[in-house]
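# Architecture at a glance
Each chain, letter by letter, is given below.
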Amino acid sequence: MSHDPKAGCVLLVGAGPGPVDLMTLRAVRAVESAQALLYDALISEEAVALAPPGCIRIETGKRSGRPSMSQEAINRLALRLARKGLRVVRLKGGDPSIFGRVGEEADYLRRFGVAVEVVPGVTAASAAAAQFGFPLTHRGQARRVIFATARVEGAGAVSDWRLGADPEATLAIYMGGEAASSLAMALLLQGRAPTTPVAIMESVGGPNAKLTAVTLGELAQGGASTSGGPLLIVIGDVVSAVGEALVHEAPKRASA
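Residue numbering note: each chain is counted from 1, following its sequence as written. In view of the model being predicted, local features appear only for residues whose pLDDT reaches at least 70, and side-chain atom pairs are presented and counted only at 80 or more, with totals across whole chains, interfaces and linings using the full set of residues. Side-chain metrics rest on all non-hydrogen atoms present in the structure, leaving aside hydrogens and water.

## Concerning unusual backbone geometry
Selection rule: Think of it this way: any DSSP run of H or I at least four residues long counts as a helix, any run of E at least two long counts as a strand, and we number them from the N terminus. Categorising residues by exposure relies on relative accessible area from a 1.4 Å probe, with only protein chains included: less than 20% of the type maximum marks a residue as buried, more than 50% marks it as exposed, and the intermediate range marks it as partly exposed.
Not every positive phi belongs to a glycine, and Arg101 is a case in point at roughly 55 degrees. By the element assignment, Arg101 lies in the loop between β4 (87-92) and α4 (102-111). Phi angles above zero are rare outside glycine, and Ser203 is one such case at about 55 degrees. Along the chain, Ser203 falls in the loop between β10 (197-202) and β11 (210-215). On the basis of relative accessibility, which here comes to 25%, the residue Ser203 falls in the partly exposed class.

## What to know about the packing of helix α3 (residues 71-83) against α4
Helix packing geometry: the angle between the two helix axes and the distance between the axes. Test applied: Simply put, an axis is a line fit to the C-alpha atoms, just over the touching stretch for a helix, and the angle between two N-to-C directions goes from 0 to 180 degrees. Just so you know how the angles are binned, under 35 degrees is roughly parallel, over 145 roughly antiparallel, 65 to 115 roughly perpendicular, and the rest oblique. A crossing counts as left-handed when the near helix is turned anticlockwise from the far one by less than a right angle, and as right-handed when that turn is clockwise. Any two residues having at least one pair of non-hydrogen atoms within 4.5 Å are treated as being in contact. Amino acids outside the nonpolar list (Ala, Val, Leu, Ile, Met, Phe, Trp, Tyr, Cys, Pro) and the charged list (Asp, Glu, Lys, Arg) are all regarded as polar, and Gly is one of them.
Look at α3 against α4: their axes get within 10 Å of each other, and the N-to-C directions meet at 45 degrees. The orientation of α3 relative to α4 falls into the category oblique. Crossing hand, α3 versus α4: right-handed. Seen from α3, the contacting residues are Gln71, Ile74, Asn75, Arg76, Ala78 and Leu79; seen from α4, they are Glu104, Glu105, Tyr108 and Leu109. In the contact of α3 with α4, the residues fall into five nonpolar, two polar and three charged.

## Digging into the nonpolar core
Basically, it comes down to this: Take the buried residues of types Ala, Val, Leu, Ile, Met, Phe, Trp, Tyr and Cys, join any two whose side-chain atoms come within 4.5 Å, and each joined set is a nonpolar core.
By size, the foremost hydrophobic cluster in this structure holds 23 residues, and its most contacted members are Ile173, Leu219, Ile233 and Ile235. Taken together, the elements giving at least two residues each to this core come down to β6 (144-149), β9 (169-174), α6 (180-189), β10, α7 (216-222) and β12 (231-235). Sorting elements by how many residues they give to this core places α6 first, with five residues. Beyond its immediate chain neighbours, meaning those up to four positions away, Ile235 contacts Ala169, Thr170, Leu171, Ile173, Leu183, Leu187, Arg192, Thr196, Pro197, Val198 and Leu216.

## Quick notes on the sheet that holds strand β5 (residues 115-119)
Keep this limit in mind: Strands are treated as partners if at least two bridges between them are detected by DSSP.
An order of β3-β2-β4-β1-β5 is seen for the five strands of this open sheet, with the pairing classed as parallel. At either end of the open sheet lies a strand with only one pairing partner, and these are β3 (56-61) and β5. Neighbour-to-neighbour, the strand axes of the sheet open up by a mean angle of 20 degrees, direction not taken into account.

## What about the sheet that holds β10?
The five strands are arranged β6-β9-β12-β10-β11 in an open sheet whose pairing can be described as mixed. Whereas interior strands pair on both sides, the edge strands pair on one side only; in this sheet they are β6 and β11. Shown here is a sheet whose adjacent strand axes are inclined to one another by a mean of 20 degrees, direction ignored. The pairing of β10 with β12 spans five bridges and is classified as antiparallel. Residue pairing across strands places Ile200 opposite Ile233, the latter belonging to β12.

## Let's talk about the packing of aromatic side chains
The line we're drawing: Pairing of aromatic rings covers Phe, Tyr and Trp, the last through its six-membered ring, and needs centres within 6.5 Å; plane angles under 30 degrees mean stacked, over 60 mean edge-to-face, and all others mean tilted.
As enumerated under the stated definition, the model contains three aromatic pairs in all. Centroid distance Phe99 to Tyr174: 5.4 Å. Interplanar angle 50 degrees. Geometry classified as tilted. Pair noted here: Phe99 is in the loop between β4 and α4 and Tyr174 is in strand β9, with a separation of 75 residues, a long-range link. Under the relative-accessibility criterion, Phe99 is labelled partly exposed at 39%. When the ring of Phe147 is compared with that of Tyr174, the centres are 6.4 Å apart and the planes differ by 45 degrees; the resulting orientation is tilted. In this pair, Phe147 is assigned in strand β6 and Tyr174 in strand β9, connecting sequence segments 27 residues apart. Relative accessible area serves as the criterion here: at 36%, Phe147 is assigned to the partly exposed category. Relative accessible area serves as the criterion here: at 10%, Tyr174 is assigned to the buried category.

So, in structure tokens, the structure goes:
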């Protein structure tokens, strides 16, 4: 392995929602050529296995509500490995630019003169729409998509949902399980109809994906439960066609 400090670099790579066949070709090649792999807790074993023999593999955690390496520690670790001249791949679930802290990590590394490349990935909302058979936008029904998180670190739940009141907006809510009920109440107070369809999806993209279809009013009353997998909540008329058949069919398509 090269240990020339001038040769080190860090690739911030999106692994998609889980299955290896939803990774981009560029992402696969990045992992296959990694000399050091820093991967999040949600990354599949199959994706980690793409790394070559001799590659340093370190799980960094970064799973909501569970113990994990701090962001500062991850930044320092990536820098230290890059300064050894290694090709470092920082592997993140979904797309690194959507709640993946790609800006923070890239800014930190570039501040120290480390070359950084970002490799995009399939985000959970796109994977969910494909797997469960609904569009994120639809003529006459949804003209915009809002990607949001229900919580802000250090500030608790997000309270201002005025943009989400638009009946032609599809809301894709990441990491929203614990705040689902308060989120729904906030949208109702902003004028969103209680009959607005809601899809609560867990572990999207994979063969064990689960979907629960409710209304916004029901979500406000009952919240969203999870069995431990990452949760995505999509709110809007575009999910109105999601039915019981898709709950059973979509995972079969994913594992085919």
